[in-house]
Amino acid sequence: MTTEFTALSDEQVDRLSNWLDEHAINHMGMNLEALDGYMTALVLSPEPIPFEEWEPIIWGENAANVDGDVRRQAQDLLTLHLESVRERVAHDAESIPEELTPLMWLPDEEDFNNAEADSIEAGGDWARGFFTGIGLRETQWDAWLESYDFVEEIFLYMDQLESGEVMDMDNPVAAGTPVSFKERMEIIAALPTMLRDLAQLRDKEAAAKVLQ
C-alpha cells in the first residue's frame, strides 16, 4: 500500500525561500535549509509543539513585522511541508523518494573533487536548524540522550555537520579535527536512516505512554 503525500513543488519551494530571504535571514531568522532541519526536529519531537510556538522563530527578530499576507501564505506552505517531513522520516536511505529528501544545498558534482571541497559546509545550516528545533523541547531530548546510545551517536553526527569538527569525547577541551567534505557527504547520505530511527523511537515512546 502506497502512502499518498504532496511535496512542495519547485515553485512553492522558491516562493518560500524568497520570503525567508526577504523577511527572515537578515533578522536572525532561517534560510530554507535551516527551516527544513528545524521542521524535521519538530516532527521528531518527543512531544507535539504547537504552531504558535514554533512559527515565529522562523522569522527571527522580524516575526512581528512580517506582512500578514506573507505569513498567511507561508503558513499554508509550512503546513504542507510539515506533512512531507512526516512522510520523510518514515523512510530510510534506501527507500526515500527523491522528492522527500532534505532540502539541503549540495555542491555540483564537479566540485566533489575540488581541492577546496573541504571548506564547503554542506549540511551546516540544516543541522543548525535541527538543533534549534531540538531546543524547544531540550529536557525531553536530553532524557532520550541519556537513555539511548544511538540518539547520542546521531547527535554527534549532526554536531559534525554544524560545527565542522569531530570532537574527541575523551578530551572535550581539545581542538576538534576538521570534518572533510567526504565525511560530510557520508553523513548526509545516511541522514534519512538516522531520521527514520528517531521516528521509530518517537513512536515507541508515545505508545509506551498510552499504556501507562
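Cut-offs and rules
- Residues numbered from 1 in each chain as written.
- Predicted model: local features only at pLDDT ≥ 70, side-chain atom pairs only at ≥ 80, totals over all residues.
- Heavy atoms only, no water.
- Helix = DSSP H or I, 4+ residues; strand = E, 2+ residues; numbered from the N terminus.
- Contact = heavy atoms within 4.5 Å.
- Salt bridge = Lys/Arg side-chain N within 4 Å of Asp/Glu carboxyl O.
- Buried < 20%, exposed > 50% of the residue type's maximum accessible area, 1.4 Å probe, protein only.

Turning next to the side chain of Gln 160. If you trace the backbone, Gln 160 turns up in helix 7 (residues 149-163). Look past the residues within four positions of Gln 160 in its chain and what remains in contact with it is Glu 165, Val 166, Val 179, Arg 184 and Ile 187.

Pairs can form between side chains of opposite charge once their charged atoms are near each other. Overall, the coordinates contain twelve salt bridges when judged by the stated rule. Notably, a salt bridge pairs Arg 15 with Glu 11, separated by 2.9 Å at the nearest N-O pair. One end of the pair is Arg 15 and the other is Glu 11, both in helix 1 (residues 10-23) and four residues apart, which spans about a single turn. On the basis of relative accessible area, Arg 15 is assigned to the partly exposed category, the value being 27%. A salt bridge links Arg 137 to Glu 47, with the shortest nitrogen-to-oxygen separation between them at 2.7 Å. One end of the pair, Arg 137, is in the loop between helix 5 (124-134) and helix 6 (138-147); the other, Glu 47, is in the loop between helix 2 (32-44) and helix 3 (51-59), and 90 residues separate them in sequence. Here the residues in one salt-bridge network are Glu 47, Glu 53 and Arg 137, joined through shared partners.

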